[in-house]
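Each chain is listed here by its residues.
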Amino acid sequence: MAFMKRNLNGSRRHPMAAILVIAAGLAVSGGGYAAATAAVETVKPVSAAASAAQVDEGHKLFLANCASCHGKNAEGTANAPSLIGVGAAAVSFQVETGRMPGQASGPQLMVKEVQFTTEESDALAAYVASLAPGPAVPTEAQLAPNGDATRGGELFRINCAMCHNAVGAGGALTQGKYAPALTKTSAEHIYEAMLTGPQNMPVFNDANLTPTDKKDIITYLTYVQTHQSAGGYELGNLGPVVEGLFIWIFALGFIIAITIWLGAKSN
Amino acid sequence: MSTAVNTQKKGGFLAGTANYLDERVGVAGILKEFGRKIFPDHWSFMLGEVALYSFFVLLLSGTFLTFFFQPAMTPVIYDGVYGPLKGAEMSIAYASTLDISFEVRGGLLMRQVHHWAALLFVAAAGLHMLRVFFTGAFRKPREINWVVGFMLFVLGMAAGFTGYSLPDDLLSGNGLRIIDGMIKGLPVIGAYTSSLLFGGEFPGEQIVARLYGLHILLVPALILIFIVIHLFMVVIHKHTHYSGPGRKDSNVVGYPLMPVYVAKAGGFFFIVFGVIMLIAATFTINPVWNYGGYDPSPVSAGTQPDWYIGFLDGALRLAPTHLEVHAGGVTWAWNILLPMIVGVGFLVVVALYPFLEAWVTGDKREHHVLDRPRNAPTRTAIGAAGVTFYAALWAGASTDLIATNFLMSMNNVLTSIQIILIVGPIVAYIITKRVCLSLQRKDREIALHGRETGRIIRMPHGEYIEVHEPLDAFEQYKLVDFKDYQPTLARPNAQGKITLRARLRAGLSRFYFEDRIAPVTQTELDAAHHDHAPAVTEAPKKKAVTAAKKPAAKKPAAKKPAAK
Amino acid sequence: MSDSKSIASAKGSQEPEHDYATGLAVIAPDKVADPGLEPHRVRMTDKSVKHEKTAARQVAFLFLASVVGSIFSIYAYFAFPLSDDLGTVRNNTLFMGLGITLGLFGIGIGAVHWAKTLMPDAEIAEERHQTRGSEEVRARAVEIIKLADSESGFSRRKLIRRSLYGALALFPIPAIFFFGDLGPNPKDTLRHTMWKAGTRLTKDPSGLPIKASDVTLGSVFHVIPEGLSELEHHKLEEKAKAAVLLVRLDPSELKESAERKSWSYDGIVAYSKICTHVGCPVALYEQHTHHLLCPCHQSTFDVTDECKVVFGPASRPLPQLPIAVDAEGYLIAQSDFTEPVGPSFWER
């Protein structure tokens, strides 16, 4: 291009230099930030027997972070329910997804930055589990996606899809509450949520959905999470509304651009 | 009558074919009549073509699908390649849809082409209707064509609904459940109609096969018939054109059918088909495998119909609570009847609008020059109000998605849209009308005084003026050539009585034409030019340009007056 | 109509052959004159042979690209076969589709480019004819109609005419009755479901019975009557009426009317899952608010208050299934629903 050969104001810099430097700076800072904050979800089964040291540490963490709302002995206050009997599973779910420590008021707890390391959340779980018997964190065997995906799909559609959508894209509840998308949720947290029924999600105890049922559901969800649609980009799996918006905005928009070109006089 | 029989063999294959056809079908006459028919060229005239070409794509892709789809509801156990449904019980219709998607090469592509084309067909028809409305192309002699087009829009909706209900999946099955619930709510005939339609209790084993017959035979046949009528009338009336130099109600200005329009419109078919194919190759639509076969017990969050049925679903959602009335041993399901009345009523108003406007204006001339929307402010404002009403109903169908996407309370979203449904059209009307009138005033300004160039000059006697660049005669004509109407008075009839009808008509014509901007007349133009100080001269009139010369600039530059 | 006088003079129409009334139209006598068609603006391809040849080459290139696309699509048909792996379906769809897209775009854009750059683009004006026939044609048409009338005697022969109307009006009516066997008379099928006294409540879809002790606070069970999953025929039809939701509330939170106190068991209540609006499954249960939400049109029902409607377009509360416990502790129905389930109908 001719303009590139021109000497602008006698400068020795390439005309594109400024743009390239800014782009490089953005890439480095953005990429670095992303790498630094990438949270790695590990499925780490908790050992069944929690040591006394763990319980103790959990107690300390609890007093520092949770007692102000849940009470010094987890007995509950006006702001938050009692945690006696909720079990390690509930703590693991709430803390490891970043819902707890709960922040601000609103119709529902939001998923935020995870505040505790896995050791710390294990300790909290051990402490709460020590208060009274409650649902335990699922084992690796319970979470392995080698169940019956067909059965799991059927169970998912009957018990879960009405809130979470047929493939876990999420859905609305009343008054600002919502069932979150499950596309990036780990098997452990899905199991724990079913077992403990966080907030307005019902409790799916083992008599309702047996551990085999839960495993099948996780198998189905794992399939959905790991397989891209055979038809191409999924547009969020949100159904006909998004498809309709797409056709009006992008397809018709593009076609109108073509018609304007078609009807314009050629130079 | 031809003289000797044409025995020429040296004329070549084309000449021979033409001769063969002419002697049997008279194609020479057809070619003479239509070959150089003039069609005006504007992008907004192509929207109807988008719908037409989408329909051809639907016919092609649909025919392919009929070779594989089986419209039976008998339960079978799925044994195909899609893992999460292997061993599941489902209807044959659903199983054959899965087979088309996963086990026929090109099957999923054709399914997606078919469904995307269906969405585009109705969208393009709707946009085309809007263009026709806002430019007044529905006026005499095209009122009947408007109704035919309206029927096409409704038939498109019917085709789409019957079509997406065929795979018998959870999403469309719940749609059928809703239809069944609405039918049951009809007074007197509800329960019987429901039983007749579904062959017994819902869901029954008949509905898919019945919708199939409607979807591949009856509805497409009706659409084709109406398309033929629609296009036939375009041929008789010739296409409308926008106002401009040389364009009158008594002529049509554009390009000939052969070769320009054959190339442009023919090429456009391939482009539209290409767009549909591109989208279908890259974006998933209606992934029925995600939903599972229909079962009355499960349901997915985000259950909506295809976009063109959205306004009816929205009407259902927006209905206030506790509208049912139990009286005299029967139930009046107003929570279902009211949305039906609103939805259908809206469509009926749309269908009848040309007749209403014709009655109000009393204008019995033929109109072939289109209005720019701003030059018919009340009609445009009514259209904007209608669009707002339709859009509010449509938005009402996605309250749950709006709520989750924007982190709002679904209940508040619904209440807001209920309010917007009533208030929105009124606000849209007022704003649009005022904007149209303002644009007309601006046009008037420009026609009389030309464009402001931003150049300020100082006159020798000290006055500062801004130089205005006058329009050339062609551009000016575009701004001043539009129809103007006056409101009428209610006059007494032969018996000396002013009837209610006359009063109504006068009231409506006042509503339409009270606020109006008249087009600039020659007298006003002359008067405006006399106002100019002599120092600012007009550019010389543009001379006609022949092909060989360099193209002259379209806008004559205002001559910079020499500083004196 | 007296309003049809035009405001301008009687000869005010600018196109004398279109001699229709102008209604409220204002026809100004000093309208700005039409300057006629704009002079043709010459294109580069009209002036310069080089540009013309370039454009021609571009058009040909586009057509050739189309050929490439079509051939690629045929290649893709064979090169991307389908297997158990759904990724193969993805590839086949994508590449066949892209190939055909190129095949189509090539022709389309090429043809349009050809028309725009190489075909003459001088505007042509063609006269329109009035849609109505000329006076002679109309006169002839009227003559024909009058002749047909006099030769057939249609307007003269009242007896023939009126009996013809009657015949034409009646002959299509039998067609309506052909629809009669499309479906059976619903009779009272809408008023009864599969639930009877003693039918066990079982889990959907497995059909396993539910013990009262299984139903803990905060849980929701999706329920079908015992025997439904083994039905050979009409399984979905029965399910569409018999699906039930089972929840346990703290008895102190339940507001039960006197006659329904015996319908629950220790705070466990069972309600029809079929929405009383238009029949979708009211499946969303909010554990803390005790609300049931229907995802179709957002009707909301309050479980603590006999599932009365608290929001949304529904009107009637969800019908309650009276339940009890059998000797082994399994939940059973005491009887069928005491009112029709699902959407309203006229005779309800």
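Residues numbered from 1 in each chain as written. Chains lettered and ligands numbered in written order. Predicted model: local features only at pLDDT ≥ 70, side-chain atom pairs only at ≥ 80, totals over all residues. Heavy atoms only, no water.

1. A word on the overall build of chain A
Looking only at helices and strands, chain A features 12 helices and two strands. Secondary structure elements in chain A, listed N-terminal to C-terminal, are α-α-α-α-α-α-α-α-α-β-β-α-α-α. The contacts of chain A with a sequence gap of at least 6 include a subset with a gap of at least 24, amounting to 60%. Counting every atom, chain A has about 13200 Å² of accessible surface; 62% of that belongs to carbon and sulfur. (Helix = DSSP H or I, 4+ residues; strand = E, 2+ residues; numbered from the N terminus. Contact = heavy atoms within 4.5 Å. Areas by Shrake-Rupley, 256 points an atom, 1.4 Å probe, with all protein chains shown as cover.)

2. Digging into the packing of aromatic side chains
Residue and element names in this part refer to chain C. Summed over the entire model, instances satisfying the criterion amount to 48 aromatic pairs over all chains. Judged by centre distance (6.3 Å) and plane angle (85 degrees), the rings of Phe72 and Phe95 are edge-to-face. Pair noted here: Phe72 is in helix 2 (residues 49–79) and Phe95 is in helix 3 (residues 86–117), with a separation of 23 residues, a long-range link. Look at Phe72 and you get partly exposed, because its relative accessible area is 32%. Overall, the relative accessible area of 24% leaves Phe95 in the partly exposed class. (Phe/Tyr/Trp six-rings, centres within 6.5 Å; stacked < 30°, edge-to-face > 60°. Buried < 20%, exposed > 50% of the residue type's maximum accessible area, 1.4 Å probe, protein only.)

3. Section: the pattern of salt bridges
When charged atoms on two side chains of opposite charge get close, those side chains can pair. What the rule picks out here adds up to 36 salt bridges over all chains. With a shortest N-O distance of 3.4 Å, Arg132(C) and Glu135(C) are connected by a salt bridge. Overlapping salt bridges bring together Arg139(B), Glu357(B), Asp371(B) and Arg379(B) as one network. (Salt bridge = Lys/Arg side-chain N within 4 Å of Asp/Glu carboxyl O.)

4. Brief notes about the interface of chain C and chain B
Contact with chain C, which involves 111 residues of that partner, is made by 140 residues of chain B. Each partner contributes to the roughly 10600 Å² buried at the junction of chain C and chain B, and carbon and sulfur atoms together form 61% of this total. The largest per-residue losses of area from chain C upon contact with chain B belong to Leu24(C), Arg128(C) and Trp346(C), which jointly make up 9% of the total buried on that side. Inspection of the region where chain C meets chain B yields six salt bridges. Elements supplying a minimum of two residues to the side of chain C that touches chain B: strand 1 (25–26), helix 2, helix 3, strand 2 (124–127), helix 7 (235–242) and strand 10 (308–311) of chain C. Residue composition of the side of chain C that touches chain B, grouped by class: 58 nonpolar, 26 polar and 27 charged. As paired strands, strand 5 (residues 251–256) of chain B and strand 2 of chain C are joined by four bridges and run antiparallel to one another. Looking across to strand 2 of chain C, one finds that Val252(B) is bridged to Glu126(C). (Buried area = accessible area lost by both parts, 1.4 Å probe. Nonpolar A, V, L, I, M, F, W, Y, C, P; charged D, E, K, R; others polar. Pairing = 2+ DSSP bridges.)

5. A look at the environment of Val247(C)
All names here are of chain C. The residue Val247 is located in strand 5 (residues 244–248) in this model. Assessed through its relative accessible area of 4%, Val247 is described here as buried. As a C-alpha pair, Val247 and Glu237 span 10 residues in sequence and 24 Å in three-dimensional space. Among all residues touching Val247, those that are not within four sequence positions of it are Val215, Ser219, Val220, Gly267, Ile268, Val269, Tyr285 and Val303.

6. Digging into the interface of chain C and chain A
The interface is formed by 36 residues belonging to chain C together with 36 residues belonging to chain A. Together, Arg90(C), Lys116(C) and Glu286(C) form the three largest contributors to the area buried by chain C at its contact with chain A, with a combined 20%. For the pair chain C and chain A, the interface holds one salt bridge. The shortest N-O distance in the salt bridge between Lys177(A) and Glu286(C) comes to 3.2 Å. In this assembly, chain C and chain A are joined by 19 residue pairs in polar contact (both at pLDDT 80 or more). Elements supplying a minimum of two residues to the side of chain C that touches chain A: helix 3, strand 4 (220–225) and strand 7 (284–286) of chain C. Sorting elements by how many residues they give to the side of chain C that touches chain A places helix 3 of chain C first, with 10 residues. Residue composition of the side of chain C that touches chain A, by class: 15 nonpolar, 11 polar and 10 charged. (Polar contact = N/O pair within 3.5 Å; in protein donor to acceptor, adjacent residues only side chain to side chain.)

7. Some remarks on the sheet that holds strand 2 of chain C
Across the sheet, three strands lie side by side as 1(B)-5(B)-2(C); this open sheet has antiparallel pairing. Each of the sheet's edge strands pairs with one partner strand only, and the pair in question is strand 1 (38–39) of chain B together with strand 2 of chain C. Across the sheet, helix 10 (residues 257–282) of chain B is in contact with strand 1 and strand 5 of chain B; its angle to strand 5 of chain B comes to roughly 70 degrees. (Axes fitted to C-alpha atoms, helices over the stretch in contact; angles between N-to-C directions.)

8. Topic: the packing of helix 3 (residues 47–66) of chain B against helix 9 (residues 207–237) of chain B
Residue and element names in this part refer to chain B. Running from amino to carboxyl end, helix 3 crosses helix 9 at an angle of 155 degrees, the nearest separation of the two axes being 12 Å. Relative to helix 9, the element helix 3 lies roughly antiparallel. Remark: the crossing between helix 3 and helix 9 carries left-handed chirality. In contact with Leu52, Phe55 and Thr66 of helix 3, helix 9 contributes Tyr212, Ile216, Pro220, Ile223, Leu224, Ile227 and Leu231. Split into classes, the residues belonging to the contact of helix 3 with helix 9 amount to nine nonpolar, one polar and no charged. (Parallel < 35°, antiparallel > 145°, perpendicular 65-115°, else oblique. Left-handed = near helix turned anticlockwise from the far one by under 90°.)

9. A word on the state of the cysteines
Residues and elements named next belong to chain C. Tallying each qualifying case throughout the model produces one disulfide over all chains. Disulfide partner of Cys280: Cys296, at an S-S distance of 2.1 Å. Taking the sign of the S-S torsion, about -85 degrees here, the bridge from Cys280 to Cys296 comes out left-handed. Taken together, the residues span a long stretch of sequence, with Cys280 in the loop between strand 6 (268–272) and strand 7 and Cys296 in the loop between strand 8 (291–293) and strand 9 (300–302) at a distance of 16 residues. Take Cys280 and Cys296: they sit in the same class, and that class is buried. Cys307 carries a free sulfur, and the closest cysteine sulfur to it, the one in Cys275, is 11 Å from it. (Disulfide = S-S within 2.5 Å.)

10. Structural notes on the nonpolar core
Within the largest apolar cluster, 136 residues are counted, with the highest numbers of intra-cluster contacts made by Trp116(B), Leu120(B), Ile223(B) and Phe268(B). Of all the elements, helix 5 (residues 107–134) of chain B adds the most residues to this core, at 18 residues. Setting aside residues up to four positions removed in sequence, Trp116(B) forms contacts with Leu235(A), Glu243(A), Phe246(A), Ile247(A), Ile276(B), Ile279(B), Ala280(B), Phe283(B), Thr284(B) and Ile285(B). Grouped together as the second largest cluster of nonpolar side chains are 45 residues, Val247(C), Cys307(C), Val309(C) and Leu318(C) included. (Core = buried A, V, L, I, M, F, W, Y, C linked by side-chain atoms within 4.5 Å.)

11. Description of the sheet that holds strand 3 (residues 201–203) of chain C
All names here are of chain C. The four strands are arranged 3-4-5-6 in an open sheet whose pairing can be described as antiparallel. Only two strands of the sheet have a single partner each, and these edge strands are strand 3 and strand 6. Within this sheet the neighbouring strands show an average axis-to-axis angle of 40 degrees, counted without direction. Relative to strand 6, strand 5 runs antiparallel, the two sharing five bridges. Paired with Arg248 across the strands is Ile268, a residue of strand 6.

12. Some points on the pairing of strand 4 of chain C
Residue and element names in this part refer to chain C. With six of its six residues buried, strand 4 lies for the most part within the structure. In terms of strand pairing, strand 3 meets strand 4 through three bridges, oriented antiparallel. Considered in strand 4, the bridge of Thr202 is made with Ile224. Relative to strand 5, strand 4 runs antiparallel, the two sharing four bridges. Each residue of the ladder has a partner; that of His222, found in strand 5, is Leu245.

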